[in-house]
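Close look at the chain arrangement
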Amino acid sequence: MFGNSMKVLFALLASCLLFAAPILAESKFPTGRRHHFSEDRLWGFDGHEISAWIATFNLTAAATQAVETLVGPGGLPSIATWADNIKGDSKYKWASELHYVTTLDNPPTSCSFQMSRDCPRKNCVVGAVYNYTEQLTEDYNGSTKTRQEALKFLTHFVQDLHNPMHVYGKDRGGNDFPVYWYSTKTNMHSIWDSRILVRHMDDIGGDAESYLSLALHRIETEWSHEIANWLYCPRRDGSGVPLLVPTACPEFWASQANSAHCDLPDVWGGVKPNDKLGDDYYFDNRDTVMRGIAMAGLRLAAILNEIFV
Ligand SMILES: *[C@@H]1O[C@H](CO)[C@@H](O)[C@H](O)[C@H]1NC(C)=O
Ligand SMILES: *[C@@H]1O[C@H](CO)[C@@H](O)[C@H](O)[C@H]1NC(C)=O
Ligand SMILES: *[C@@H]1O[C@H](CO)[C@@H](O)[C@H](O)[C@H]1NC(C)=O
């Protein structure tokens, strides 16, 4: 559903990124709230939680209140990894295929996501974002339990949708593509789920808090001129999905994440099975990982701010 003009737009956005000079911008986050995270419980090295913190800093007062009423004072960060934690629970087996979408790719030549082809019966991460957004709206009349679970799933799946390996059609999202990370045997999925992120944290002080601070700083400075694009959603006529919450834009986000496989040469360029990836791969891709985490956070906040007024 997204033609060549969209591809060109993404390529343009990506190249703007590379040449964007950092600019100064006023703080967009309520000062004072920033200090809270260091006092909070210890939290793990997980992109989902960092993204949830970014969303938390961007929630309106009404949305903050609604989130805390639903899931408690720990808010979004406290529920961000729940959907992974229940993976072993047989009563949630049905949810395991909602973490990803199997697109049609042969990078670097062709990459594409199509809702009707790749997400039949909405049974993929894109459909899940629609599903759980809808369940949070007032018109859905969901029970408290339905709404709690919807918020937990939504928080997690918006972030999964920003990880290129969750929007990929080959090798089970990179799980079956073996590589070494430095000297450890692993696979491409794991490199993009956690290894680049953890290495980046090590580089800047060894903790998630430093990583979060850096991401927030970049949102306020070098990425500030892009935020309007991050929150932009093109018309979705033809998708057959009602525009319940216009900021919820998972089909567009899936196309963007998927295009990384073809349009960002550093993701696959020259990588062969069993290659040893290390510093070069890390330096080439760590900003892509951080941007995805930041985008997911602001996009989740936009959805919740729109629902909880
Ligand atoms: C969330 O972020 C956007 C973009 O940076 C900004 O325009 C908006 O005011 C922020 N909202 C809140 C409640 O912080
Ligand atoms: C939508 O949510 C319900 C309740 O969690 C679930 O049973 C169903 O499988 C979900 N469908 C999709 C496509 O996410
Ligand atoms: C929610 O309740 C309202 C008022 O009773 C009703 O009009 C609406 O159809 C319900 N929505 C759903 C999805 O059941």
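Everything that follows concerns the structure shown earlier in this document.
Every value quoted in this text rests on a predicted model; they were computed, and no experiment measured them.

Conventions we followed
- Going along each chain's sequence as written, the residues are numbered from 1 onward.
- Starting at A for chains and at 1 for ligands, labels are handed out in the order in which the entities are written.
- Reporting of local features is limited, given that this is a predicted model, to residues whose pLDDT is at least 70; pairs of side-chain atoms are given and counted only at 80 or more, and all residues count toward the totals for whole chains, interfaces and linings.
- Numbering of helices and strands starts at the N terminus; helices are DSSP runs of H or I of at least 4 residues and strands are runs of E of at least 2.
- Partly exposed residues are those whose C-beta has more than 12 but fewer than 20 other C-beta atoms within 10 Å; with 20 or more the residue is buried, with 12 or fewer it is exposed, and the C-beta atoms are placed from the backbone.
- The contact criterion used here is simple: two residues whose C-beta atoms, placed from the backbone, lie within 7 Å are in contact.
- We treat two strands as partners when DSSP finds at least two bridges between them.
- As a rule, the C-alpha atoms of each element are fitted with a line to give its axis, helices using only the stretch in contact, and angles between N-to-C directions run from 0 to 180 degrees.
- For classification purposes, an angle smaller than 35 degrees is called roughly parallel, one larger than 145 roughly antiparallel, one from 65 to 115 roughly perpendicular, and anything else oblique.
- In the scheme used here, Gly and all other residues not listed as nonpolar or charged are polar, with Ala, Val, Leu, Ile, Met, Phe, Trp, Tyr, Cys and Pro taken as nonpolar and Asp, Glu, Lys and Arg as charged.

A closer look at the overall build of the chain
Each helix and strand in the chain was counted, giving 15 helices and five strands. Per-residue burial for the chain yields a buried fraction of 40% across its 309 residues. Put simply, of all contacts in the chain between residues at least 6 apart along the chain, 72% involve residues at least 24 apart.

Quick look at the pairing of strand E4 (residues 184-187)
For a regular strand, the rule is simple: side chains alternate between the two faces of the sheet. When strand E3 (residues 178-181) meets E4, the two strands line up antiparallel, connected through four bridges. Within E4, the position partnered with Pro-178 by the bridge is Asn-187. Joining the antiparallel neighbours E3 and E4 is a turn of two residues, in which Tyr-182 adopts a positive phi near 55 degrees.

Details of the pairing of E3
Here E3 shows a buried face lined by Val-179 and Trp-181 and an unburied face lined by Pro-178 and Tyr-180. The pairing of E3 with strand E5 (residues 276-277) spans two bridges and is classified as parallel. Paired with Tyr-180 across the strands is Lys-276, a residue of E5.

Here we look at the sheet that holds E4
As summarised here, the arrangement of the three strands in space is E4-E3-E5, forming an open sheet in which the pairing is mixed. If you trace the sheet from one side to the other, it starts and ends with E4 and E5, each paired once. Relative to the sheet, helix H10 (residues 188-203) contacts E3, E4 and E5, its axis offset from that of E4 by approximately 95 degrees.

Remarks on the environment of Thr-146
Counting through the fold element by element, Thr-146 comes out in helix H9 (residues 144-160). Since 14 C-beta atoms lie within 10 Å of it, Thr-146 is described here as partly exposed. Along the chain, Thr-146 and Gln-135 lie 11 residues apart, while their C-alpha atoms are 7.2 Å from each other.

Notes on the packing of helix H11 (residues 208-220) against helix H15 (residues 279-307)
The N-to-C vectors of H11 and H15 enclose an angle of 75 degrees; their axes lie 10 Å apart at closest approach. In terms of orientation, H11 lies roughly perpendicular with respect to H15. Residues Ala-215, Arg-218 and Ile-219 of H11 lie in contact with H15, whose contacting residues are Met-290, Ile-293 and Ala-294. Class assignment for the residues of the contact of H11 with H15 results in five nonpolar, no polar and one charged.

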